[in-house]
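# Coordinate inspection notes
Each chain, letter by letter, is given below.
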Amino acid sequence: MSLPHVPSIRHPPAAPWHRCGACRVHLSSSGESCFAGHRSGLGVRLHGPIPASVSATRRRSGAAAGRAAPVARRRGTGPARRCPAGPDQRLLSAVLPARARNRGTVGPPRHGTRYRYPLRRGRLAQLAVHRVFRALLFPGRARRLLSCRARRLAPCRRAGPHGHACGRNSGPAHGDGDRRRHAGAGIRECKAAGPQSGFPHKLARKSSYSRPFPVLILFPLKASIATTEKSIRKRMKQHLLGSRTLALALAQACAGAVAMPSAIAGGADPEPQAAQTEQIERVEVTATRTGAVDVQRVPAAITVIKPEALGKYGLGNLNDIADLVPAMSVQQQATGVNNITMRGLVVRGIVPSEVQDASLVAVYIDEMPVTLKSANPDLKVLDLERIEVLQGPQGTLFGAGSMAGTVRQITKKPEFNDLFGSVEAVGSRTSGFGGGNHNVRGSVNLPLKNDALALRLTGYTGKDSGYIRNQLTGRTTNGVSTNQGRAALRLQASRDLLVDASVTASNIKGGINDAYADLAPYTTIALLPEVGNDKLQLYNLTVNYELGKAKLVSSTSYLHRDTLYVTSAQYPATAFIFGGQAPLMQSAYTIANKLTDFAQEFRLHSQDGGPLKWTVGAFFEKGSRDTLQDQPTTGFDARYAATRNFPGYDSQVNDLATTADNYFSGRQYIDSRQAALFAEATYTLWDRLDLTAGLRLFRGTQDFDLRFTGLFGNLATATPAVPTGVPALASSSATARGANPRFAAAWRVDPDHTLYASAGKGFRYGGNNQPVPFNFCGINAPATFEPDTLWNFEVGSKNTLFDRRMTFNASAYRIDWDDVQVFNRLPCTYYFTQNAGKIRSLGLELESLLKITRRASVGINASLNHATATDTVQTGIAAQNIPAGARVPYAPKFAASATASYSIPLPNNDEIGIAASYAHRGEAYTNFAREQGNYAEIPSSNTVNATLTWRTRGYEVGLFGTNLTNGAKVSDVTPNTIAIQPGNTLYLVRPRTVGLRVSARF
């Protein structure tokens, strides 16, 4: 028989009564013993009249037990008869020796008083720690101690008054594994640990007595198992833990150690528990910016990638992420020179010298925006916890740079009380012209002050061989050397104030991944070395302050970045100036960028757990970009003077270039500022329907200055008659403001199925065009272009099937894009942007994961997209007009990926893991229509990766292969417009690479 649940009473009336802590049924008004003869020392002191159902049965229950009610006696004196079935008694037996249990007062507190503990705390800690380690070494004994005949009744392990079990029997509607609120005295919420452990993770207790009650702190299971005896003693010394509270805390650690697999030694993160069951692990995201939420409950298309899904193949850059997200495409020309697109929202490719083309996909590292069109940073040093890919406009919470989607890289934070780390070494070899590759990554977590201060350091260094051969020298041209480091500091300044600070530094030196289509595969011709260097520093300070029912978050970020891009441009220099006549000119097209960016965001969001969840915030950003362009060409001045009958010609003196023998010099400087206010709220009706509305108000200003000189830059070039050229100058300022609304509705059919619909607006700022020299291009381009906007309409469903062994998510969308910023590339190599036409994108996205057994799983993702111009786009240049129905460039119609993994258990908890992945991406094109020119096909790709891993204790050894079939070759194409050049310029991905990976955790 189970007792009715008694609610908490803050101001208890008179006539206290007691519930027996052993059998939970028989009561005593004195509180000394129950009618069954059990001592009530572990009982719970309750108030108010005894429930009628209990009053009518307690004497009958006592008689059935065959015992008379004993006389009252003083606590701690006389014989004590204890029931072996009491759950709390079994826990104490598993932790404390009998001599510790029998000493002192263990009864409940009197009204308005504390517990009394005659036993010295230090001795109790020693005994408890001793018994915990005995349980870890001899789990069989702990199991026997935790078993008795009372398991037939299986009492509920939920927290009742003062942390005891609530007394109800377990059953289908009241078993472990879910979350319910129990109205025990002073208990806020009971969160069960799961069906095996049977103990609550957290018990936040608030005393109803006049004096404060010792707070029970149950440490995370992972830390409780992995920490040393010394760290346990330190923790117990810092907190007011009494003997009984301490016993319950250590009992949870002991029982958890018996019931669950041990973590990796040294405090390293263990394999997720879900990986040892037949259920899929729950994944939480912070994309809603209202705290961690189960991704299956978010009404949006979000793909979450664990870093292990890439690391086990030796991968980790943005292009590798795109292989697992079919809706996402990446074109890459060199390390850090890339372009990200989603859902067919793209009209141009990579133009390294273009400074006005704002990105459509935002890239974040934690709270730091690091987006840069055509140059998103490639950081391998990040100690990632997960990657969140948000598909579709995110203009309400993430701003103008998220018009097509957002990629968030979430890093692991320092941990206060554990010293641990990892080191990984990778060696591989690339086929074809490639060679050996190697890299080393290490990280360490340093607790500087218990529960207050910790430091996490990460370092990465590596060299990747080139795989494109220079036909003239026989050497490869695109080898990469990478050195990166990161330091993250976490400070718990007070109970409510948490501060995170981080510094990230990167230095990448590499080449360009270009080859010519008419030469042998993976072959180029370069008269001069090609360079792709990238230096980056990131600084961030994030402050979290608990305000009770709300949390205030402040994120301050600063970015400094220097990039250098050099290509061997012998064909343009020879063709455009000297008519393609031999010899080829040694010309280096050089683009150098210096960027700074400061961003500040304040965000306040609710966390009271009510039906209304809200977020409000403000954002400010100020950035600058200084772009320098030069085209130094060996022997240019002398050859130009001879062919143009211009004796003594000097490009620096006559055409005002920055150096001699330089036919183009340019400087573009941008100073931009933007500010925004945003708010989003979700209200829940009937515990099933979530209604969301959000709005972002923004204003942005851009100041633009430009100066072009040299033969190719001047508006009027120098002649023997007019020996000084006229530079091209431009100075302008543009301001835009607007509002981005968003609406969403989600209907939870049941806990495993959700239907949702959303509508949101995306926005992108306008800008200024660089001047186009009329004498070379024969056209006058517009000076500025306006913002463009879009509306995204989406419906979808998120489903968890077969007792959480399978997830299946589907979404369909329609995007209407107006006043599109169309890019016009001219035959003279100049370009400009104008607003023209509309684009409609229709698509379907599918994402699924099936856990066949606890050790085997498969996943399939797919994306179907149809993005076209809705009407004929008139650009003012007949050859550049876009015909109605033309497909957008750089966006494949179909993309899909599949993953599979299987693990084989070995003795001593060792394991062998087998995994493979396949990614298909359909063909795409470099322009809307062939009639426009600059039109070439980017062929489809099929990428196959596989790995075989052996895990033993804290070590892992893996054999991996990437692009095993060489089915992925071309990432991007620049169509050829020069007769003497050997075909289109192809930007190639790394061919088949096979390697060995060794990692250790300590």
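Identification of the protein chain as TonB-dependent receptor from Pseudoduganella umbonata is taken from an unreviewed UniProt entry. Note on the protein chain: under the UniProt heading Subcellular location (unreviewed entry), the record states "Cell outer membrane". The annotation that UniProt attaches to the protein chain under Sequence similarities (unreviewed entry) is "Belongs to the TonB-dependent receptor family."

## Here we look at the sheet that holds strand S46 (residues 970-974)
Ordered in space as S22-S47-S46, the three strands form an open sheet in which the pairing is antiparallel. Across the chains shown, the open sheet's two edge strands, defined by having one partner strand only, are strand S22 (514-516) and S46. For this sheet, the mean inter-axis angle between neighbouring strands, taken without regard to orientation, is 30 degrees. Bridging between S22 and strand S47 (residues 985-988) involves three bridges; their strand directions are antiparallel. The residue of S47 that forms the bridge with Ala515 is Leu986.

## A few points about the packing of aromatic side chains
Taken as a whole and assessed by the stated rule, the structure comprises 19 aromatic pairs. Between Phe664 and Phe708, the ring centres sit 5.2 Å apart and the planes meet at 65 degrees, which makes this aromatic pair edge-to-face. In this pair, Phe664 sits in strand S28 (residues 662-685) while Phe708 sits in strand S29 (residues 689-709), placing the two residues 44 residues apart along the sequence. Judged by centre distance (4.2 Å) and plane angle (45 degrees), the rings of Phe698 and Phe763 are tilted. Residue Phe698 is located in strand S29, and its partner Phe763 is located in strand S31 (residues 753-764); the two are separated by 65 residues in the primary sequence. Of the two residues, Phe698 and Phe763, neither departs from the other in class, the shared state being buried. By way of ring pairs, the aromatic residues Phe576, Phe578, Phe636, Tyr640, Phe646, Tyr649, Tyr663 and Phe712 are connected into one cluster. Stacked on the ring of Tyr813, the Lys or Arg Arg343 has its end atom at 4.2 Å from the ring centre.

## Observations regarding the sheet that holds strand S13 (residues 368-369)
In space, the five strands of this open sheet follow the order S9-S14-S15-S12-S13, with mixed pairing throughout. A strand with exactly one partner marks an edge of an open sheet, and here the two such strands are strand S9 (302-305) and S13. Strand direction decides the pairing type here: strand S12 (residues 361-365) and strand S15 (residues 405-411), joined by five bridges, are parallel. Bridged to Ile365 within S15 is Gln409.

## Comments concerning the pattern of salt bridges
This structure, assessed with the given rule, holds 36 salt bridges. Here Arg282 ties to Asp294 by a salt bridge, and the two come within 3.3 Å at their closest N and O atoms. Separated by 12 residues along the polypeptide, Arg282 in the loop between helix H8 (243-259) and strand S7 (284-285) and Asp294 in strand S8 (residues 293-294) bring together distant segments of the chain. Overall, the relative accessible area of 12% leaves Asp294 in the buried class.

## Concerning the pairing of strand S27 (residues 612-632)
As paired elements, strand S26 (residues 588-606) and S27 share 16 bridges and run antiparallel to each other. Among the inter-strand pairings, Ala592 is bridged to a residue of S27, identified as Leu628. With antiparallel pairing between neighbouring strands as the criterion, S26 and S27 make up a hairpin whose turn holds five residues, including Gly609 at a positive phi of roughly 80 degrees. Alignment of S27 against S28, held across 20 bridges, turns out to be antiparallel. If you follow Gly623 over to S28, its bridge partner there is Ser672.

## Considerations on the nonpolar core
By size, the foremost hydrophobic cluster in this structure holds 58 residues, and its most contacted members are Ile321, Met328, Ile387, Leu538, Trp817 and Leu988. Counting residues per element, this core draws most heavily on helix H10 (residues 318-324), which supplies four residues. Grouped together as the second largest cluster of nonpolar side chains are 28 residues, Ala641, Leu706, Ala718 and Ile877 included.

## Quick word on the side chain of Ser606
Structurally, Ser606 is set in strand S26. A polar contact is formed between the side chain of Ser606 and the backbone nitrogen of Trp614, at a distance of 3.0 Å. What Ser606 contacts, discounting residues up to four positions off in sequence, is Thr290, Lys549, Ala550, Leu612, Lys613 and Trp614.

## Quick notes on the environment of Thr477
By the element assignment, Thr477 lies in the loop between strand S19 (469-470) and strand S20 (480-492). Overall, Thr477 belongs to the buried group, its relative accessible area being 15%. Sequence-distant contacts of Thr477, that is, excluding residues within four places in its chain, are made with Ile468, Asn470, Gly511, Ile512, Thr524 and Glu530.

## Let's talk about the pairing of S29
Here S28 pairs with S29 via 21 bridges, running antiparallel. Across the sheet, the residue bridging to Leu677 is Leu697, located in S29. As judged from the 20 bridges shared by S29 and strand S30 (residues 728-750), these two strands associate in the antiparallel manner. Along S30, the bridge assignment pairs Arg699 with Arg737.

## Looking at helix H12 (residues 570-578)
Residues Gln570, Tyr571, Ala573, Thr574, Ile577 and Phe578 constitute the buried set of H12. Where the residues of H12 are buried, they touch S22, strand S25 (550-568), helix H13 (636-643) and S28. Where H12 terminates, the next one or two residues include Gly579, which has phi positive at roughly 65 degrees.

## Some details on a nonpolar patch on the surface
A surface patch of nonpolar side chains, about 830 Å² in accessible area, is lined by Tyr902, Ile904, Leu906, Ile914, Leu948, Trp950, Leu959, Val994, Leu996 and Val998. With three residues, strand S48 (residues 993-1001) is the single largest residue contributor to the nonpolar patch. With respect to the element layout, Val994 can be found in strand S48.

## Some words on the confidence of the model for the protein chain
Predicted confidence across the protein chain gives a mean pLDDT of 77, with 72% of residues reaching 70 or more. Confidence over residues 1-125 falls short of pLDDT 50; this stretch has 248 contacts with residues more than four positions distant or in other chains. Taken as a whole, residues 135-275 scores under 50 in pLDDT and shows 271 contacts with residues more than four places along the chain or in a different chain.

## Thoughts on the environment of Glu621
Relative to the helices and strands, Glu621 resides in strand S27. With relative accessibility at 16%, the residue Glu621 sits in the buried group. Between the alpha carbons of Glu621 and Tyr558 there is a distance of 9.8 Å; along the sequence they are 63 residues apart. The residues touching Glu621, leaving out its near neighbours within four places in the chain, are Asp597, Phe598, Ala599, Ser672, Arg673 and Gln674. At a separation of 2.8 Å, a polar atom in the side chain of Glu621 contacts the side chain of Gln674.

Rules behind the numbers
- Starting afresh in each chain, residues are numbered from 1 along the sequence in its written order.
- With the structure being a predicted model, the display of local features is reserved for residues of pLDDT at least 70 and the display and counting of side-chain atom pairs for 80 or more, all residues being used for whole-chain, interface and lining totals.
- No hydrogens and no water enter the side-chain calculation; it runs on all heavy atoms of the structure.
- UniProt positions are given in the numbering used here, feature names are shortened, and annotations may be inferred rather than shown by experiment.
- Whether two strands pair depends on DSSP finding at least two bridges between them.
- Every helix listed is a DSSP run of H or I at least four residues long, and every strand listed is a run of E at least two residues long, numbered separately from the N terminus.
- To obtain an axis, a line is fitted to C-alpha atoms, over the contacting stretch when the element is a helix, and the angle between two such axes runs from 0 to 180 degrees between their N-to-C directions.
- Two rings from Phe, Tyr or Trp (for Trp, the six-membered ring) form a pair when their centres sit within 6.5 Å of each other. Planes less than 30 degrees apart are called stacked, planes more than 60 degrees apart edge-to-face, and all others tilted.
- Partly exposed describes any residue whose relative accessible area lies between the buried limit of under 20% and the exposed limit of over 50%, with all areas from a 1.4 Å probe on protein chains only and scaled to the type maximum.
- We call a charge positioned above a ring when the Lys NZ or Arg CZ atom is no farther than 6 Å from the ring centre and deviates by at most 35 degrees from the ring normal.
- The salt bridge definition used is simple: a Lys or Arg side-chain nitrogen within 4 Å of an Asp or Glu carboxyl oxygen.
- Residues belong to one nonpolar core when they are buried, are Ala, Val, Leu, Ile, Met, Phe, Trp, Tyr or Cys, and are joined through side-chain atoms within 4.5 Å.
- Two N or O atoms form a polar contact when they lie within 3.5 Å of each other; inside protein one atom must be a possible hydrogen donor and the other a possible acceptor, and for residues adjacent in sequence the pair counts only when both atoms belong to side chains.
- We call two residues in contact when some of their heavy atoms are within 4.5 Å.
- Any residue with relative accessible area above 30% and no salt bridge may belong to a patch, with like charges joined within 9 Å and the nonpolar Val, Leu, Ile, Met, Phe, Trp and Tyr side chains within 5 Å.
- Here the accessible surface of atoms and residues is derived via Shrake-Rupley with a 1.4 Å probe, and residues count as covered only by protein chains that are part of the display.
- Known as pLDDT, the predictor's confidence for each residue is given on a scale from 0 to 100.

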